[in-house]
Amino acid sequence: MAIAIACTNSTETNLSSVNESSNESQVLKVWWDKGYTLEEDEALQQLVSRWEQQTGNKVKLSFYNNDELSQKAQRAIQAGSPPDILMNDNADRVLNPRLAWEGKLADVSDAIAPVKQFYPDTVLASVYFYNNLKKQRSYYAIPIHQGIPHIFYWRDLLKLAGRSEQDIPQDWDGFWKFWQQMQDTLQTQHNRKIYGIGFPISAGVVDTYEIFEQILEAYDVQILDSQGQLRVDDPKVRQGIIKCIDWYTQFYKQGYVPPEAINWLNPDNNRSLLNRLIVMTPNNSLSIPAAVRQQPDVYRYKLGTIGYPNKPSGKPMRYLALVKQAVVLADSKNQKLAKDFLAYLIQPEIIGSFLKAAGGRFLPVHKLVWKDAYWTDTSDPHISTAAKPVIQEQTRLIATAQNPAYSLVLKESIWSKAVNKVVVNGVAPEQAADEAIAQIKQIFAQWQ
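A brief structural summary. (Residues numbered from 1 in each chain as written. Predicted model: local features only at pLDDT ≥ 70, side-chain atom pairs only at ≥ 80, totals over all residues. Heavy atoms only, no water.)

Along the backbone of the protein chain there are 20 helices and 12 strands. The principal-axis extents of the C-alpha atoms in the protein chain amount to approximately 65 × 50 × 40 Å. Looking at the protein chain as a whole, 57% of its 448 residues qualify as buried. Within the protein chain, residue pairs in contact and separated by at least 24 positions form 76% of the contacts whose partners lie at least 6 positions apart. Positive and negative charge centroids in the protein chain, built from 47 and 47 side chains respectively, lie 1 Å apart. (Helix = DSSP H or I, 4+ residues; strand = E, 2+ residues; numbered from the N terminus. Buried < 20%, exposed > 50% of the residue type's maximum accessible area, 1.4 Å probe, protein only. Contact = heavy atoms within 4.5 Å. Lys, Arg positive; Asp, Glu negative; His and termini not counted. Charge placed at Lys NZ, Arg CZ, Asp CG, Glu CD.)

Given below as structure tokens:
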């Protein structure tokens, strides 16, 4: 039976029954990403309702799909009529660093201060942005949760091919060869029209560059130095970029990635896996397991989650932590109210309950929330596996934490376009890399 990811259409939900004659400036306006499951949206709605009942405040909570929200928020900011609070899954990479630089975010240090000791340094660094108007760094976002990249696959398809998860190699080349062999076996011996690897190749989607960024990490390609300065003129860095583009695209060229992957939208690798069109796909949240959580047999026994293999160098993989953030806009008419709500939200018992009610799609950032055995219970094969890199401190931030100019590299989908050119236009990896490097240098040169 085909399964599809729900809740990707634009939806606006008015939580409070706010009278039209009410003073809108006294109503907290919150814009939030629409969840991948109904449980996720309902968990936030219930949380907001409890806060309203406890405080007597009113909230207008609106849900929008991921891409629409980012664009809508930027238009509203330009028009001088932004929401009070914005929570967008992509904003930590492509929006918040730039808004902070431009002085368009409110300083939320006072909201973070009471719980600062409970956040790891990596998490704090993800929201410590530079304000170019004030010429200083400060906390301009509230960390809410985080996503860690993992591989999701079908255990029962491995069994059909005569293999099991214990057979999956942990060396780099062997790991990826294994999934190619799964395709070959399932197609030839079982007449299954299925592809081994679900790499997005499309030019304009988040998933393509998120996975590619993890491949750069695998090959130890550092685009910026510790001071946030570009290293792309280093011949070793250039060769590393070429290698990663060539490596990423070879699976498509060899027929191990679905032809449709050149046009996939953000949810399509999820859909393709859930509809059993592919054996495995990387993803940066637990949205795939969350989609089948209500099917215990599928969730616990048929669907598998595994970490990335060791790097090509043989060293353990380090994972890109995508810390999702809520921000208060500088033009908000209700800054104090917005900070009060976020201070309530990040209390460990509140945010912990919300993340669990949302199906565990994202992982905690608060140390006290991690103490809940829910996150390490090995009877849940997905959450406990995804938690390991965080607990073992095998994570790092994406380069936007070092330099906000890198947010434009991601916004412009430089890496996604590079890999897409190779498979669609037949451009050589060397040319695609050089064009990407030129674009990155231009972005950094123009960044002010």
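Let's shift gears to the packing of helix α9 (residues 206–218) against helix α19 (residues 414–425). Their axes nearest at 8 Å, the elements α9 and α19 cross at an angle of 90°. As far as their axial angle goes, α19 and α9 are roughly perpendicular. Counting all contacts with α9, which are made through T208, Y209, F212, E213 and L216, the residues of α19 involved are W415, S416 and V419. When its residues are assigned to classes, the contact of α9 with α19 shows five nonpolar, two polar and one charged. (Axes fitted to C-alpha atoms, helices over the stretch in contact; angles between N-to-C directions. Parallel < 35°, antiparallel > 145°, perpendicular 65-115°, else oblique. Nonpolar A, V, L, I, M, F, W, Y, C, P; charged D, E, K, R; others polar.)

The phi dihedral of K135 is positive, around 60°, even though this residue is not glycine. Following the sequence through the fold, K135 ends up in the loop between β4 (128–131) and β5 (136–139). The backbone of R276 shows a phi angle near 60°, a positive value even though the residue is not glycine. For R276, the position within the fold is in the loop between α11 (268–274) and β9 (278–283). Look at R276 and you get partly exposed, because its relative accessible area is 23%.

Further remarks concern the pairing of β9. Each regular strand shows side chains that alternate between the opposite faces of the sheet. By the criterion of burial, β9 is predominantly enclosed, with six of the six residues buried. Relative to β9, strand β7 (residues 150–154) runs antiparallel, the two being bridged by four bridges. Looking at the pairing, H150 lines up with N283 of β9. Taken together, the two bridges between strand β8 (residues 195–197) and β9 define a ladder with parallel strand orientation. Each bridged residue has a counterpart across the sheet, and for Y195 the counterpart in β9 is I278. (Pairing = 2+ DSSP bridges.)

Here we come to the pattern of salt bridges. Evaluated as defined, the whole model comprises 23 salt bridges. A salt bridge links K311 to D220, with the nearest nitrogen and oxygen atoms 2.6 Å apart. Highlighted residues: K311 in the loop between β10 (303–306) and β11 (319–328) and D220 in the loop between α9 and α10 (235–253), separated in sequence by 91 residues. Classification of D220 by relative accessible area gives partly exposed; the value is 41%. Linking K441 and D233 is a salt bridge whose minimum nitrogen-to-oxygen distance equals 3.0 Å. Remark: D233 occurs in the loop between α9 and α10 and K441 occurs in helix α20 (residues 429–446); sequence separation between them is 208 residues. (Salt bridge = Lys/Arg side-chain N within 4 Å of Asp/Glu carboxyl O.)

Next up on the list: the environment of V427. Mapped onto the secondary structure, V427 falls in the loop between α19 and α20. By relative accessible area, which is 15% here, V427 ends up buried. Distance from V427 to S202, taken between C-alpha atoms, is 15 Å for residues 225 residues apart in sequence. Residues in contact with V427, not counting those within four places in the same chain, are K421, V422 and A432.

Take the nonpolar core next. Counting 152 residues, the largest nonpolar core has W176, W179, F199, I223, I241 and W415 as its most contacted members. The element contributing the most residues to this core is α10, with nine residues. (Core = buried A, V, L, I, M, F, W, Y, C linked by side-chain atoms within 4.5 Å.)

Before going further, it helps to examine the packing of aromatic side chains. According to the stated counting rule, one finds 26 aromatic pairs in the structure shown. When the ring of F199 is compared with that of Y248, the centres are 4.7 Å apart and the planes differ by 10°; the resulting orientation is stacked. Note that F199 is positioned in the loop between β8 and α9 and Y248 in helix α10, a separation of 49 residues in sequence. Like Y248, F199 is buried. Between W370 and W375, the ring centres sit 6.2 Å apart and the planes meet at 65°, which makes this aromatic pair edge-to-face. Neither residue differs from the other here; W370 and W375 are each classed as buried. Seen from the ring of W154, R276 lies directly overhead, with NZ or CZ sitting 3.9 Å from the centre. (Phe/Tyr/Trp six-rings, centres within 6.5 Å; stacked < 30°, edge-to-face > 60°. Lys NZ or Arg CZ within 6 Å of the ring centre and 35° of its normal.)

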